[in-house]
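Per-entry structural report
Chain residues, written in single-letter form:
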Amino acid sequence: MRRLRKVKIVATLGPASETYDMIRALHEAGADVFRLNMSHGSQDEIREKHRIIRQVEKDMDSPIAILADLQGPKLRVGVFANEVEDLVEGAKFRLDLDPTPGDVARVCLPHPEIFQALEVGSRLLVNDGKIRLEVEACGEDFAECRVEIGGAISNRKGVNVPDVVLPLAALSEKDRSDLEFVCQLGVDWLALSFVQRAKDVFEARALADGRAAILSKIEKPSAVDAFEDILDASDGIMVARGDLGVELPVSAVPPIQKRLVRKCRAAAKPVIVATQMLESMIESPMPTRAEVSDVATAIYEGTDAIMLSAESAAGSYPLEAVGTMNQVAIEVEADPTYAQIIAASRTAKGTTIADGIVAAAREIAEKTDIKAICCFTQSGITALLTARERPGVPIIAMTSLTGTARRLCLSWGCHCVMTPELTRFKGAVVNAARAARADGFATETDQIVITAGVPFNVPGTTNILRIAPCDERLIYNTDPG
């Protein structure tokens, strides 16, 4: 299915979007990737959503990426005898390992790892940062705190610890079970929550064992500090602005988002900007002007994908939310300023033959009347390098591997087309021309740029750039071999 924009749309599935008809309608409206949130729903429910997505993919003959988002460890306070207490600014409040129901002076925090990492002056944020505590004294099983910002605290509210790296693995036992389950199902991407350092990614990669690509969620200050190492260890990145905005001043999030998107693009790895992009559309068919500007800003920055969470999973207007994102993307990418910003942010990187070929392909396509860049790829790397260039013409990613086509659905500008295994270059040129014509990118009178590697079907061998006509008669008359 041809899109009229290059940024991709990720839609989370949930109670509002779990039927065949709705999932198909969301794909038709613009969703390129479906996110399965492992925090909600049983494995049987996840299996059924996966089955429906693959049925939609088959019925529409259109590759679809599936992203399984692992829950990660959840840090929560215990329960209160009165279920809820009001903490007053300046008051003392104790956190400890005693499971006795809490009161206005104390509550259980059943996570000894937190106490091991705390220092005097550390902050603890409760209930999405609505309550802020500062540690005044701490030990192996307690923390005496002063209430900096008070409010109502109730049973099992979440806790964030922004100032320290916690000695916690990014994968809980539930995550390990879910990871194996979704890898056996056949998802394309695994989103890893609670990443603090690169070794968290290595653990997930070892368990996935090549069955899915690893996407790290950046939602903690420690992950921002260690971002280069995390990016190097990951196949993609999600800028998860929800928790990031809790653990950091909200004013710090926009520049962090911009920096991370730029770094991902330079590394030729896809990046998603996520959380609260069209939040008001959970209950309203129309977004706010500020939300539209937020979506547009991410697109102007050159992000690979923008994501809907509750808007499509549990909202009243999932189709309208996807449609809004789609239309905003079309408008932004048609703006001449967009092309100027993308070109100005393009940085030369890499010294391999493949780097040179994709850069040349982009420059030739933009300076002549070329309709598309067709890249043949097995691992997906050539398509990712081409996407890094952010060319002004469409990218047609040609591959014989279903998994590669699906994974590339997350990457900027990549229109994925399945092709049979090829052994001769002329066959590749003919297939590229047919794909460009069939999907409306070009006519017989147009030309395309083709990149490929010889020998065929060997990852990492991109070594050919060819400008070819879309008229097959001319191909057969002019192409050797």
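First, a word on what this report is: a plain description of the structure on this page.

The rules behind these values
Residues numbered from 1 in each chain as written. Predicted model: local features only at pLDDT ≥ 70, side-chain atom pairs only at ≥ 80, totals over all residues. Heavy atoms only, no water. Pairing = 2+ DSSP bridges. Helix = DSSP H or I, 4+ residues; strand = E, 2+ residues; numbered from the N terminus. Axes fitted to C-alpha atoms, helices over the stretch in contact; angles between N-to-C directions. Contact = heavy atoms within 4.5 Å. Parallel < 35°, antiparallel > 145°, perpendicular 65-115°, else oblique. Left-handed = near helix turned anticlockwise from the far one by under 90°. Nonpolar A, V, L, I, M, F, W, Y, C, P; charged D, E, K, R; others polar.

**Some details on the sheet that holds strand β19 (residues 414–418)**
What the five strands build is an open sheet, ordered β19-β18-β17-β20-β21; its pairing is mixed. Here the strands that pair on one side only, and so sit at the sheet edges, are β19 and β21 (462–469). When the angles between neighbouring strand axes are averaged without regard to direction, this sheet yields 25°. In terms of strand pairing, strand β17 (residues 370–376) meets strand β20 (residues 447–453) through four bridges, oriented parallel. When the sheet's bridge partners are listed, isoleucine 373 is paired in β20 with valine 449. Strands β17, β20 and β21 of the sheet are contacted by helix α14 (residues 353–367), whose axis makes an angle of about 20° with β21.

**Structural notes on the packing of helix α1 (residues 20–29) against helix α2 (residues 43–60)**
Between two packed helices, both the angle of their axes relative to each other and the distance between the axes serve to describe the pair. The contact between α1 and α2 brings their axes to 10 Å, and the two run at 55°. By the angle between their directions, the pair α1 and α2 is classed as oblique. Once α1 is placed against α2, the crossing between them reads as right-handed. Residues Tyr20, Ile23, Arg24, His27 and Glu28 of α1 lie in contact with α2, whose contacting residues are Ile52, Ile53, Gln55, Val56, Asp59 and Met60. The residue inventory of the contact of α1 with α2, partitioned by class, reads six nonpolar, two polar and three charged.

**Quick word on the packing of helix α10 (residues 289–300) against helix α12 (residues 318–334)**
In contact at an axis separation of 10 Å, α10 and α12 are set at 50° when each is read in the N-to-C sense. Relative to α12, α10 is oriented oblique. Crossing angle aside, the handedness with which α10 passes α12 is right-handed. Where α10 abuts α12, its residues Val292, Val295, Ala296, Ile299 and Tyr300 lie against Met325, Val328, Ala329, Val332 and Glu333. Here the residues of the contact of α10 with α12 sort into nine nonpolar, no polar and one charged.

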